[in-house]
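This is what each chain is made of:
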Amino acid sequence: MWVLLACGSALFAGLTSILAKQGIRTTDSTVAMALRTVVVLVGAWAMVLVVGSQDGLAHLDARSTGLLVLSGLTTGASWLCYFKALQLGSVSKVVPFDKLSTVLTVLLALILLGERVSAVGALGIVLMTAGTLLMLDADDLRGLPRALREGGGWLAHAVGSALFAALTAVLSKAGIVGVDSTLGTAIRTGVVLVMAWALVALSGRLREARRVPRDELGLILASGAATCASWLCYHRALQDGPASVVVPIDKLSVLVTVAFSVLVLREALSRRYLAGLTLLVGGTLAMLA
């Protein structure tokens with residue numbers, strides 16, 4: 001049963017990006033993120049109640065609370081960049097950068113936390129980086145330095161998404177101890193919700209949030225529900241099965257996303273892209289070995 005749940009986690013995680021992409025055809029990405037975060041927040045606190053970790057609220061100290069808030073802000077920044085990248089670029093190109101955050105997390109942990117990486121882990125970093133670069137077109141690669149300098153386009157936002165996601169992981173590792181992961185996720189999601197709606201208000205898009213086309217609103221909310229379903233399957237699979245198997249299966253959600261990007265969005269994949277995808281998957285599995 002836990003194998004099916006792990007596969008369900010990967011399936012729903014893969015569907016999230018596809019649903020979001022379809023939901024932001026005309027809707028601003030920040031507005032869409034604010035709307036879907038409402039659903040994600042409900043799901044996150046439902047998970048807290050399911051596992052019974054709500055009592056941990058009474059034991060939060062000032063340091064852990066501050067780090068949770070800070071990690072919530074970096075999570076929000078990552079989501080903002082990710083959905084903006086999705087709106088501007090193709091799903092099959094944006095999603096691999098989400099996996100590249102794993103590489104950045106390891107590098108930041110080496111630099112900031114003094115952690116070590118095994119030879120197999122180092123090989124995984126190389127494979128994931130090479131795979132991600134191969135999945136980019138030659139023009140994208142040539143334009144990468146300029147995109148980073150100017151901070152525009154889907155590529156710059158995708159890189160920002162990966163960087164902020166890595167910072168979130170390092171902040172959590174650095175000092176959020178004694179806090180159940182589901183409770184930490186729920187608190188971070190609450191911070192993201194406040195941050196997203198504050199940005200919507202400051203940008204004068206509150207009226208736009210009330211006028212989102214019904215079909216796009218349904219897809220945006222469905223992407224939030226897919227995120228919740230992925231979390232639910234993932235945590236239940238971890239409860240019943242070995243993490244050494246569950247985690248790699250969940251990480252393979254990139255295959256689900258790419259498959260749906262071809263079948264649903266009709267995005268074309270080159271041989272170079274497929275070679276890069278193979279390296280990315282191989283590197284992911286190597287880092288989890």
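Overview of the structure. None of the values given here were measured: they were computed from a predicted structure.

On to the nonpolar core. Ranked by size, the top nonpolar core spans 48 residues in total, and within it Met33, Phe83, Leu86, Phe97, Trp154, Leu155 and Val254 carry the most contacts. Beyond its immediate sequence surroundings of up to four residues, Leu86 is in contact with Ser17, Ala20, Lys21, Ile24, Val91 and Val94. Formed by 7 residues, the second largest nonpolar core is a distinct cluster that contains Val48, Val179, Leu183 and Ala186.

Where helix α2 (residues 29-51) meets helix α10 (residues 214-240), the closest approach of the two axes is 8 Å, and the angle between their N-to-C directions is 30 degrees. One element, α2, and the other, α10, form an angle in the roughly parallel class. Crossing of α2 against α10: the hand is right-handed. Packed against α2, whose contacting residues are Ala32, Leu35, Arg36, Val39, Val40, Gly43, Ala44 and Met47, the element α10 presents Leu217, Ile220, Leu221, Ser223, Gly224, Ala225, Thr227, Cys228, Trp231, Leu232 and His235 at the interface.

For helix α4 (residues 91-112), with 22 residues, the first-to-last C-alpha span of 32 Å sits near the 32 Å given by 1.5 Å per residue. Of all bends in α4, the biggest is about 30 degrees, found at Lys99.

Take the state of the cysteines next. Here the structure, examined in full by the defined rule, presents 0 disulfides. With no disulfide of its own, Cys228 has Cys233 as its nearest cysteine by sulfur position, at a separation of 11 Å. With a relative accessible area of 14%, Cys228 lands in the buried category.

Relative to the helices and strands, Ser71 resides in helix α3 (residues 62-88). Sequence-wise, Ser71 and Val192 are 121 residues apart; in three dimensions their C-alpha atoms are separated by 9.4 Å. A distance of 2.9 Å separates the side chain of Ser71 from the backbone oxygen of Leu68, its partner in a polar contact.

Calculation rules
- Residues numbered from 1 in each chain as written.
- Predicted model: local features only at pLDDT ≥ 70, side-chain atom pairs only at ≥ 80, totals over all residues.
- Heavy atoms only, no water.
- Core = buried A, V, L, I, M, F, W, Y, C linked by side-chain atoms within 4.5 Å.
- Buried < 20%, exposed > 50% of the residue type's maximum accessible area, 1.4 Å probe, protein only.
- Contact = heavy atoms within 4.5 Å.
- Axes fitted to C-alpha atoms, helices over the stretch in contact; angles between N-to-C directions.
- Helix = DSSP H or I, 4+ residues; strand = E, 2+ residues; numbered from the N terminus.
- Parallel < 35°, antiparallel > 145°, perpendicular 65-115°, else oblique.
- Left-handed = near helix turned anticlockwise from the far one by under 90°.
- Expected span 1.5 Å × (residues − 1).
- Bend = angle between axes of the 7 residues up to and from the residue.
- Disulfide = S-S within 2.5 Å.
- Polar contact = N/O pair within 3.5 Å; in protein donor to acceptor, adjacent residues only side chain to side chain.

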